Each structure stands twice: as C-alpha cells, then as structure tokens.
Amino acid sequence: MLYNFITFVTLLIVGYIFGTLIEKSHYKSIRKREKEFLNIPLIALKKPIDSQNIQKVKLVSANVVVSVDYFKKFLASLINFFGGSISSYETLLDRARREAILRLKEEAKDANEIVNLKLETSSITKNSSEHVGAVEVLAYATAIYR
Amino acid sequence: MKYNPKLPDDSVNISKKNHLFEGIKLLVSFIVIAIIFFSLLKFTLYYVIDHLPYKYEIAFNQIFFDKKMIKNVKTDPYLDKVTDKIQKCAKLPYKITTYVIDQKEPNAFAVPGGKIYITRGILKMVKNENELVSILGHEMGHFKHKDHLKSLGVKALYYMISLVLKDSYGEILNPTLNLSQIKYSQSEELKADSFGIDMMQCTIKSVNSATTLFERMDKKFKSSEINYFFATHPSFKDRLKKMREYIQKKAYNVNRPVIALEKKF
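The shown structure was predicted, so the numbers you read here are calculated from the model rather than taken from an experiment.

Looking now at the interface of chain B and chain A. If you look at the interface, chain B gives 24 residues, while chain A gives 31 residues. When the buried surface of chain B facing chain A is broken down by residue, B:Y3, B:H19 and B:L26 rank first, second and third, together holding 25% of it. Joining chain B to chain A, the criterion identifies zero residue pairs in polar contact (both at pLDDT 80 or more). Taken together, the elements giving at least two residues each to the side of chain B that touches chain A come down to helix 1 (10–13) and helix 2 (19–50) of chain B.

Laid out in structure tokens, this is it:
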C-alpha cells in the first residue's frame with residue numbers, strides 16, 4: 001500500500017514539474033510564431049472579402065495532438081468529483097488550438113489570405129475507460145493566392 | 001472592411017487559477033468528506049453488529065466451527081475445565097474451546113468459531129489460576145463483543161469503498177481478509193480487559209492478581225527483542241492503568257487468596 005502511495009505522489013510531483021515546464025516552453029514558442037505569422041489574414045468568413053483577382057485556391061489543413069501530465073489528470077478527476085469547470089484542461093486545449101492554427105498558417109505561408117477556418121477537436125482516449133489523455137485538434141481552411 | 005492583425009488574448013480562455021492550490025484545496029476537502037462518510041458508515045456498522053440477534057452470530061461462527069484454523073494444537077483437560085467455568089459466566093451462544101500452541105513466544109488470541117489459542121510460552125508465565133482466568137476471560141471478551149465481526153465488517157467496508165473509488169482500475173485494493181491476522185483497535189482490547197476482570201469476579205469471586213501477569217510481561221518485554229506479542233496487542237501501560245481504574249470503580253474483591261494452578265505447564 002505504501003509503495004503504491006509513494007509511486008503515486010512521485011508521479012504527481014514529476015507530472016507537475018515537467019508539465020509546467022513543457023507548457024511554459026510551448027507557450028513561448030506559440031507566442032513567438034504568432035508574432036511572425038501575424039500578417040497573414042486568417043478569417044472564418046465563408047468567402048473572401050475581395051472575390052476578384054484570385055489566382056489559386058488551396059485547401060490547407062493542420063492538426064496537432066497534445067497531452068496532459070499526470071498532475072493535471074489527477075486534478076481533473078478531483079474536479080470531476082465535485083463538479084465545476086476543469087481548469088487544468090483549459091491550457092491543454094488552448095495550446096492545441098493555437099498550435100493547430102499556427103501549423104495551418106505555416107502550411108499556407110505564401111498565401112494572401114486564408115478564409116473559412118474550421119476547427120475540430122477529438123479526444124484520444126488511452127486504455128483506461130474515460131480518461132482523456134490526449135486531444136487532437138484539426139484546423140482546415142481555404143488558402144487564397146492572388 | 002479591413003483586416004486588423006491582432007495577437008490572441010491569453011487571458012480569455014485560461015482561468016488564472018493556481019493549479020497547485022486548487023489541487024490541495026480539493027484534495028483536502030475530498031479527504032475530509034471521505035473520513036466523515038467512512039466514520040458514519042463505521043458507526044452504523046458497529047451499531048448493527050452490537051444489536052445483531054444471536055442467530056446471525058451463531059451462523060457466522062458456524063462456518064468456522066469445524067475448520068481447523070491452526071494445525072498441531074492440543075487441548076488440555078485443565079484448561080477445558082477453566083474455560084467451561086468461565087463460559088457459564090460469559091453466557092455466549094456457542095461453545096468455546098481452548099487449544100494450546102507449542103510455541104515459546106507468549107501469545108493468546110481468539111479466532112472465529114469459538115476457538116481460543118494460547119501458547120505454551122504464556123502458560124509457563126502464569127503463576128496461579130486467577131491469572132489464567134484473566135487471560136481466558138479477556139479472549140472471551142472478544143467473542144462477547146463480536147470483535148471479529150466488527151473487524152471483518154470494517155475490512156469489507158474498506159473493500160467496497162476502494163471498489164467505488166478505483167472504478168475499473170486493474171489493481172483493486174486487496175484487503176487481507178486473513179483471519180489469523182488479528183489486530184483490534186485500542187478500545188476493543190481495553191473492553192476485553194474489563195470483561196476479563198468481570199469474568200474473574202464472576203467465576204472465582206476475586207480479582208486478586210488481575211494485573212500481575214501483565215505487569216510481569218511488561219517488565220520482561222521492556223528490554224527484550226520479542227515484539228511478537230506487540231504485533232497483536234497494544235502497549236501495557238494504558239491497559240494496566242485502565243484495568244486498575246476499572247477494579248476500583250467496580251469495587252471488586254481483591255483480598256481473597258489466589259487459587260493455585262492444578263498443574264504445571
């Protein structure tokens with residue numbers, strides 16, 4: 001019993017430390033790239049503002065799979081018990097979404113604008129019953145080259 | 001329309017809560033709730049067991065009556081005589097049998113099925129019949145207070161709660177429903193001590209030497225490596241104090257001379 005408990009606490013601590021580090025570094029990279037790609041318009045309108053002068057259109061898509069650490073999972077299971085918003089998964093999804101959008105922009109680097117952005121999220125469950133271990137976010141849109 | 005480039009705003013989608021604090025707060029509340037819930041269930045369980053009709057108690061012990069719990073044990077006619085004498089005072093719904101284990105470590109324990117096991121080691125330490133009655137009376141106290149049922153019930157409670165919490169996890173907490181591993185709570189042991197004293201008063205009309213055996217054992221085990229005894233019983237200090245208080249409170253007869261043993265073990 002004691003051995004199990006020690007393993008559990010160690011996992012929690014390791015999860016917390018490394019999870020926080022990885023998250024911070026991921027956010028740093030996200031913010032840096034968002035600055036770089038700031039100039040490519042990415043909108044969710046169905047049609048481009050200016051429908052003339054379009055040379056080429058292309059479907060672009062990007063996806064990313066992000067996972068949480070053990071500590072966040074445990075925190076989520078506690079919140080699950082009492083009810084309320086699961087704050088530990090919020091950063092996970094925020095990162096996944098922004099990463100997917102950035103990869104989308106990466107794919108349409110020389111496009112003039114990207115329209116009709118759509119995002120789809122799906123959970124990738126590991127072996128255990130309802131535990132959401134990883135989340136996949138797919139972003140797709142139409143890139144317009146003038 | 002004009003496209004206005006703007007960096008995403010972090011704060012909208014992420015709640016600025018400190019996860020560590022949140023986690024600790026929730027964990028502590030969860031533990032407190034679990035303790036309260038468990039205590040309520042345990043209290044209810046003990047209440048039910050205390051008021052259990054005799055027929056269920058007999059049925060429970062019936063399972064163990066014919067089973068040989070420990071091998072290589074003998075009975076002793078003198079011990080049987082003393083046990084029967086105490087039984088008349090104890091008023092238990094089933095028969096108690098005392099067996100001797102050929103071990104030099106002093107120990108005595110009660111096992112479901114109305115069986116008391118006592119080692120040769122402790123029998124050698126007994127100086128008179130009074131002390132023998134105190135030991136056997138104590139063990140009968142465990143039967144009288146249904147301590148086995150209670151400890152099994154609590155283990156079953158742990159098991160059920162662990163099933164609910166662990167859900168479909170592979171490693172389900174496996175409690176040891178091992179009946180030979182008997183460790184009762186402090187209060188149950190102290191109650192059994194009081195019962196032993198009651199038995200002395202009822203059987204031999206005297207509580208002379210009620211505490212002398214424990215006092216000798218206390219001295220002997222202060223410096224000794226034998227912690228075997230302490231694996232199944234709490235410390236002597238509390239027990240001796242409570243026993244003396246109980247004797248005073250009940251104003252039992254301490255002056256009658258001790259009864260000698262009928263045989264040497």
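Further notes follow.
All names here are of chain B. Following both chains from N to C, one finds helix 4 (residues 77–90) and helix 6 (residues 129–144) inclined at 55 degrees, their axes separated by 10 Å at the closest point. For the element pair helix 4 / helix 6, the angle class is oblique. In the crossing of helix 4 with helix 6, the sense of the turn from one axis to the other is right-handed. Facing Y78, L79, V82, T83, K85, I86, Q87 and A90 of helix 4, the residues of helix 6 in contact are E129, L132, V133, L136, G137, M140 and K144.

Attention now moves to the sheet that holds strand 2 (residues 97–101) of chain B. All names here are of chain B. Here we have four strands laid out as an open sheet, ordered 1-2-4-3, and mixed in their pairing. Across the chains shown, the open sheet's two edge strands, defined by having one partner strand only, are strand 1 (73–74) and strand 3 (108–111). Taken together, the five bridges between strand 2 and strand 4 (residues 115–119) define a ladder with parallel strand orientation. The partner of V100 across the bridge, within strand 4, is I118.

Next up on the list: the state of the cysteines. Every disulfide links exactly two cysteines, by a covalent bond between their sulfur atoms. Residues and elements named next belong to chain B. This model, assessed by the stated rule, comprises one disulfide over all chains. Residue C89 pairs covalently with C202 via a disulfide, S to S 1.9 Å. Residues C89 and C202 are joined through a disulfide that is left-handed, its torsion about the S-S bond being -80 degrees. In this pair, C89 sits in helix 4 while C202 sits in helix 8 (residues 186–204), placing the two residues 113 residues apart along the sequence. The exposure class assigned to C89 is buried, which follows from its relative accessible area of 15%. Given the relative accessible area of 30%, C202 is considered partly exposed.

About the thresholds
Residues numbered from 1 in each chain as written. Chains lettered and ligands numbered in written order. Predicted model: local features only at pLDDT ≥ 70, side-chain atom pairs only at ≥ 80, totals over all residues. Heavy atoms only, no water. Contact = heavy atoms within 4.5 Å. Buried area = accessible area lost by both parts, 1.4 Å probe. Polar contact = N/O pair within 3.5 Å; in protein donor to acceptor, adjacent residues only side chain to side chain. Helix = DSSP H or I, 4+ residues; strand = E, 2+ residues; numbered from the N terminus. Axes fitted to C-alpha atoms, helices over the stretch in contact; angles between N-to-C directions. Parallel < 35°, antiparallel > 145°, perpendicular 65-115°, else oblique. Left-handed = near helix turned anticlockwise from the far one by under 90°. Pairing = 2+ DSSP bridges. Disulfide = S-S within 2.5 Å. Buried < 20%, exposed > 50% of the residue type's maximum accessible area, 1.4 Å probe, protein only.

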